[in-house]
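Chains, contacts and geometry: an overview
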Amino acid sequence: MSPDTDQPAAAAAPKGAAPKHGPAKSPRRRAREFALQGLYQWLLSQAEGAEIEAQLSEHDGFDRIDRRHFDALLYGCIREAGELDALLARHVDRRISLLSPVEHAVLLIGAYELKHCPDVPYRAAINEGIELTKSFGGTDGHKYVNGVLDKLAPQLRPAEVAAARAARRK
């Protein structure tokens, strides 16, 4: 028996092989993923946030989310969608209504985190948006999300972005 898998040693993965699944997802990453799914549903159906949350709560892994962050993202993005879209509109190359629902939802999450979550570094907010889009979006959607959030960050976090850029110049 392999001590790590409770499987016969012959069934264990060869040394150096990549694990079947990536590293365990943090509760905050799970919160973002479920919020993305909820916002996607909201963008398509305009259903109430509580109804969407009730449906999401039945899925595997929902019990392992950062509940406060999920609530902030889902309900905050729904509540402030008009304001967040107005911020995003300055940095996108098309009308917001023409964005794919996945990219739109990811951009809402990124904009919300940049605006309201100072405990999330601006680069982390951008990188999380990129990773969500890689997992759920179209082939090159992550490049688009990166560009939009990278343009939005200095507007919403000017001091943090300026400090990071100054540190890179040294």
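The following paragraphs examine the structure supplied in this document. A quick note: this is a predicted structure, and the numbers were derived from the prediction, not measured. (Residues numbered from 1 in each chain as written. Predicted model: local features only at pLDDT ≥ 70, side-chain atom pairs only at ≥ 80, totals over all residues. Heavy atoms only, no water.)

**A word on helix 7 (residues 141-156)**
For helix 7, built from 16 residues, the straight-helix expectation of 22 Å at 1.5 Å per residue is met to within 8% by its first-to-last C-alpha distance of 22 Å. For helix 7, the set of buried residues is Gly141, His142, Tyr144, Val145, Val148, Leu149, Leu152 and Ala153. Packed against the buried residues of helix 7 are helix 4 (81-89), helix 5 (101-116), helix 6 (122-136) and helix 8 (158-169). (Helix = DSSP H or I, 4+ residues; strand = E, 2+ residues; numbered from the N terminus. Expected span 1.5 Å × (residues − 1). Buried < 20%, exposed > 50% of the residue type's maximum accessible area, 1.4 Å probe, protein only. Contact = heavy atoms within 4.5 Å.)

**So, the nonpolar core**
Among the nonpolar cores identified, the biggest contains 45 residues, and Phe70, Leu88, Leu107 and Ile109 are the most heavily contacted of them. Taken together, the elements giving at least two residues each to this core come down to helix 1 (27-45), helix 2 (49-56), helix 3 (67-79), helix 4, helix 5, helix 6 and helix 7. In terms of residue count, the dominant contributor to this core is helix 5 (9 residues). (Core = buried A, V, L, I, M, F, W, Y, C linked by side-chain atoms within 4.5 Å.)

**Overview of the state of the cysteines**
Tallied over the full model, the rule gives 0 disulfides. There is no disulfide at Cys77, and the cysteine sulfur nearest it, in Cys117, is 8.8 Å away. (Disulfide = S-S within 2.5 Å.)

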